[in-house]
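A closer look at the structure
The chain contents come next:
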Amino acid sequence: MQAVNKYASALQHKIDEIQIYIQSLKRGRHDNFQEGVRFVSNSLNAFALIRRLHQDWPAWHTYMKRSVEKDEVQVIEDLLKKAPTVADMNEALLGMHRIEKTYGLEPKDIANGRLQGKQYDIQLFTRDCLTLVKHKIKKEDYGSAIQWFRIALQKKHNPHENIYNEILGAPFNDSIVSTLEPMSSFIVNKGNKTINASQLEQILKSNNNTCTADLQRLLQKLMISNNTQDLDETAPTPYDRGCRGLFPPRTKLSCRYNYTTTPFLRIAPLKMEEISVDPYIVIYHNIVSDKDIDDMHKAAVPKFFNGLAGIPKKNQTEPREIVSRCSWVTNPLPSRERVNRRFIDMTGLDIKGNAEIQVSNYGLGGHFKPHFDYISDDQKEQPDIIELGDRVATINVYTSDVEQGGATVFPNAEVTILPQKGNALFWFNLESDGTPDPRSLHSVCPVIVGSRWTFTKWLREKAQVFTRPCVRR
Ligand SMILES: O=C(O)CCC(=O)C(=O)O
Ligand SMILES: [Fe+2]
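Quick caveat, the model's predicted, so the values are computed rather than measured. (Residues numbered from 1 in each chain as written. Chains lettered and ligands numbered in written order. Predicted model: local features only at pLDDT ≥ 70, side-chain atom pairs only at ≥ 80, totals over all residues. Heavy atoms only, no water.)

So, about the site of ligand 1. Taken together, Tyr-362, Phe-368, His-371, Asp-373, Asn-396, Thr-408, His-442, Val-444, Arg-452, Thr-454, Thr-456 and Trp-458 make up the full set of residues adjacent to ligand 1. At a separation of 2.7 Å, an oxygen atom of ligand 1 approaches a polar side-chain atom of Thr-408. Contact distances for ligand 1 include 2.9 Å between an oxygen atom and a side-chain N or O atom of His-442. Assessed atom by atom at 2 Å from the grid points, ligand 1 resides in the largest pocket. The element best represented in the shell around ligand 1 is strand S17 (residues 452–460), accounting for four residues. Split by residue class, the shell around ligand 1 holds four nonpolar, six polar and two charged. (Near = heavy atom within 4 Å. Polar contact = N/O pair within 3.5 Å; in protein donor to acceptor, adjacent residues only side chain to side chain. 1 Å grid on protein atoms, 1.4 Å probe; cavity = no way out; pocket = protein on both sides within 12 Å on 5 of 7 lines; lining within 4 Å. Sits in = over half its atoms within 2 Å of the grid points. Helix = DSSP H or I, 4+ residues; strand = E, 2+ residues; numbered from the N terminus. Nonpolar A, V, L, I, M, F, W, Y, C, P; charged D, E, K, R; others polar.)

Coordination sphere of the iron ion (ligand 2), protein contribution only: His-371 (NE2), Asp-373 (OD) and His-442 (NE2), at 2.1 to 2.2 Å. In the primary sequence, the donor residues of the iron ion (ligand 2) line up as H-x1-D-x68-H. Of the residues examined, His-371 reaches a relative accessible area of 17% and is grouped as buried. (Donors = N, O, S within 2.8 Å, 3.2 Å for Na, K, Ca; no water. Buried < 20%, exposed > 50% of the residue type's maximum accessible area, 1.4 Å probe, protein only.)

Take the layout of surface pockets next. The computed volume of the largest pocket comes to approximately 1100 Å³. Residue lining of the largest pocket: 44 residues in total, with Phe-368, His-371, Asp-373, Arg-391 and Trp-458 positioned closest to the centre. When residues of the lining of the largest pocket are traced back to their parent elements, those giving at least two are strand S6 (305–308), strand S7 (322–329), strand S8 (357–362), strand S9 (368–371), helix H17 (383–388), strand S10 (391–398), strand S15 (442–444) and S17. No other element matches S17, which puts six residues into the lining of the largest pocket. Looking at side-chain class alone, the lining of the largest pocket contains 17 nonpolar, 18 polar and nine charged residues. (Points joined across faces, edges and corners; volume = space filled by probe spheres on them.)

Applying the stated rule across the entire model yields 18 salt bridges. Here Asp-292 makes a salt bridge to Arg-338, at a shortest N to O gap of 2.8 Å. With Asp-292 in helix H15 (residues 290–300) and Arg-338 in helix H16 (residues 334–347), this pair connects stretches of sequence that are 46 residues apart. Overall, the relative accessible area of 46% leaves Arg-338 in the partly exposed class. Salt bridges sharing partners connect three or more residues here, namely Glu-100, Lys-101, Lys-136 and Asp-141. (Salt bridge = Lys/Arg side-chain N within 4 Å of Asp/Glu carboxyl O.)

And the structure:
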């Protein structure tokens, strides 16, 4: 923005100078031939004119040809190198898709800045909607594609549309026709009559009458079809229901001070909130200070890599989904040691040989699909598993608040937890005899608004020989 402003001022400066030159040319009247002749018949005028045309004009011409403020353009070019890539664009589209589908949001609400009933002063424009249309078609989600296409058609036309069209190309062009073509039969069968003749005329006009016959035919189809069934709505999964806050409320749960797990808690008990008794899921409130959170984030961010979903299958070729940015704090740090001490106080479990803590950040639509933290068969050979054993339990500390979305959901246990900065969630992945507990299936809902930060710690099996007795079931 700053760079473009600088460029615009430089351009304005040049225009001002050229205007001054134009003013300087206005000497005497020579609107017609006679006046011209009279003007040059005066030798002073003739001399000055010849001198100006001979000396000044070429110099002004050279000035006009000089590209406007090379430095400013260079700054913009350097910034462009850091512009989002195709991969970034794709991630953003996937994030938008997840938000729409997981929370069951209507495209028209999203486009008008209404997210789960909360109104934001933001809206999407025609070109945003059309980019989403293309993505929906790629995902073969035709119901949603049509909705987004209609919204694109209905969006108010910008008063400066002509300028945008000149620079960006007309939004409804041949490429959108070829994208929509595969679903035109779907439009006829399932489409809803939502644009009328005058709207169609408006679209054609705003498109500078560059609509091809193909596009006109497609728009006509949209108009004539009147089947009301519009969406191929698939039933929400348990994960979706958890993210939408639809699990039944839990009762008979308590909040209390824990002052027994370790001797230290006698002088500084921890606030514990039961979330579920069986399976055991609890939250400890305010276990990390803002300062320790900042220090840990600072240590982790320079080493951030893409957090990828799931475990790659043998011979898998398609890229794994990027779900977060994360890294491990592996070096000893006073903040990390304090957090680890808290983990021991909370759980009574041992962290021998396992001091590192993961820091994760989830952005636009960032999520983590339902998964188990206990190891699967194809992970058994991993060196850390051989050394430390399975992931008995997980601690997840919320190190930021999240304005909307980003809950932790246990789809099988029907539990949803909203992030709250400083709180730690703790649950077991294995039964006390070491058997995997499928009720530990858990997930992160897509972030709608905000940036979600967490610490994750897996408590490992081998360190627990003296802390967790094996109970026969
Ligand atoms: O951040 C969360 O709520 C859960 C993260 C998680 O499941 C994991 O890192 O394994
Ligand atoms: Fe997990």
